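Residue-level structural notes
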Amino acid sequence: MDIELKLVSTPEEIDMLCRLAKEAWEQAYSELLGYEQINYMVEKFLSPSAVVQQMKEQNYVYYIIYGDNRPGGFMGFAPNYEGRKELFLSKLYLLPNMKGTGAAHAAFELAEREAGRLGLSRIRLTVNKGNAHAKEVYEHWGFETVESAVTDIGGGFVMDDYIMVKKV
């Protein structure tokens, strides 16, 4: 499969990213979190207005991941997020048809290149404690668990995550 990562910049690309996010999060988290929390999180973190705000105010960069010219996932990261000298890999989601295609490899390579280009020596991410498969994928790519955190995200919901770091 031919994998391509395209930078998100137009309103149409942002809309596509948000549609992909809803589909990917429903597939990844429906049993773990339930649809009420998924809908809340998509609206709070991956609605068009939230994405635009993150890009403008928090230095976020988003990419749509294409396989054979069809959108099948996305990633988002923010350099120096919250004043930390690292790249925060906030989101990396693939639809089922993109798993095992090299898409994750391409995404991790892009994140590492960007961290290096910006002079950042670490990549940080969070992964839900109940998402064992994603944690295994991150470990495969050299991430190590450094701590855990429970974060109140509002609406009566929390995120119960491992924080993982990779030195680059």
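Our structure's up above, just so we're on the same page.
Below is a short write-up of the structure. (Residues numbered from 1 in each chain as written. Predicted model: local features only at pLDDT ≥ 70, side-chain atom pairs only at ≥ 80, totals over all residues. Heavy atoms only, no water.)

**Focus on the packing of aromatic side chains**
For clarity, the cut-off: When the centres of two rings from Phe, Tyr and Trp lie within 6.5 Å, Trp using its six-membered ring, the rings pair. Their planes under 30 degrees apart give stacked, over 60 give edge-to-face, and anything left gives tilted. Think of it as a cone above the ring: NZ of Lys or CZ of Arg counts as a charge over the ring if it is within 6 Å of the ring centre and within 35 degrees of the ring normal.
Under the counting rule described, the total for this entry stands at 13 aromatic pairs. Counting every residue linked through ring pairs, the aromatic cluster contains Trp25, Tyr29, Phe74 and Tyr93. In this structure, lysine 135 packs its charged tip against the face of tyrosine 162, placed 5.1 Å from the ring centre.

**Side note on the sheet that holds strand β4 (residues 87-94)**
The pairing of strands in a sheet comes from backbone hydrogen bonds and takes either a parallel or an antiparallel form. The following threshold applies: The rule for pairing is simple: two strands pair if DSSP sees at least two bridges between them. Runs of H or I in DSSP of at least four residues are treated as helices and runs of E of at least two as strands, each being numbered from the N terminus. Note on definitions: angles span 0 to 180 degrees between N-to-C directions of axes, and those axes are lines fitted to C-alpha atoms, for helices only across the stretch in contact. Any two residues having at least one pair of non-hydrogen atoms within 4.5 Å are treated as being in contact.
The strand order across the open sheet built from 7 strands is β1-β2-β3-β4-β5-β7-β6, with neighbouring strands paired in mixed fashion. The strands lining the two open edges of the sheet, one partner per strand, are β1 (3-7) and β6 (144-154). Looking at each pair of strands side by side, their axes are set apart by 30° on average, direction ignored. Here β4 pairs with strand β5 (residues 122-128) via 2 bridges, running parallel. Bridge assignment links phenylalanine 88 to a residue of β5, and that residue is arginine 124. Those strands touched by helix α1 (residues 11-29) are β1, β2 (61-67), β3 (70-79), β4 and β5, and its axis lies near 95° from that of β3.

**Structural notes on the layout of surface pockets**
We apply this condition: Only protein atoms enter the 1 Å grid used here, on which a cavity is any set of points holding a 1.4 Å probe that cannot leave and a pocket is any open set flanked by protein within 12 Å on both sides along at least five of seven lines; residues with an atom within 4 Å of a point are listed as lining. Grid points are joined across faces, edges and corners, and a volume is the space filled by probe spheres set on the points. Put simply, Ala, Val, Leu, Ile, Met, Phe, Trp, Tyr, Cys and Pro go in the nonpolar bin, Asp, Glu, Lys and Arg in the charged bin, and everything else, Gly too, in the polar bin.
Approximately 1300 Å³ is the volume found for the largest pocket. Put simply, the parts of the chain that give the lining of the largest pocket at least two residues each are α1, α2 (35-46), β4, α4 (103-117), β5, α5 (132-140), β6 and β7 (157-167). Residues belonging to the lining of the largest pocket are distributed by class as follows: 28 nonpolar, 14 polar and 8 charged.

**Some thoughts on the nonpolar core**
Put simply, the rule is: Here, the term nonpolar core denotes a set of buried Ala, Val, Leu, Ile, Met, Phe, Trp, Tyr and Cys residues that are joined through side-chain atoms within 4.5 Å. Each residue is assigned to one of three classes by its accessible area relative to the maximum for its type, calculated with a 1.4 Å probe on protein chains only: buried under 20%, partly exposed between the two thresholds, exposed over 50%.
Counting 28 residues, the largest nonpolar core has Leu17, Trp25, Leu46, Val51, Tyr62 and Phe74 as the members making the most contacts within it. If one sorts the elements of this core by residue count, α1 sits on top with 8 residues. Leave out the neighbours within four places in its chain, and leucine 46 touches Leu17, Cys18, Ala21, Trp25, Met41, Val51, Tyr62, Phe74 and Lys91. Phe77, Ala103, Ala115 and Tyr138 belong to the second-largest nonpolar core, a separate cluster that totals 24 residues.

**Here's the deal with the packing of α2 against helix α3 (residues 48-57)**
Threshold: For classification purposes, an angle smaller than 35 degrees is called roughly parallel, one larger than 145 roughly antiparallel, one from 65 to 115 roughly perpendicular, and anything else oblique.
The geometry of α2 relative to α3 is characterised by a closest axis approach of 5 Å and an angle of 40° between their N-to-C directions. Judged on the interaxial angle alone, α3 and α2 are oblique. Listed contacts from α3 to Glu43, Lys44, Phe45 and Leu46 of α2 are Pro48, Ala50, Val51 and Gln54. The residue inventory of the contact of α2 with α3, partitioned by class, reads 5 nonpolar, 1 polar and 2 charged.

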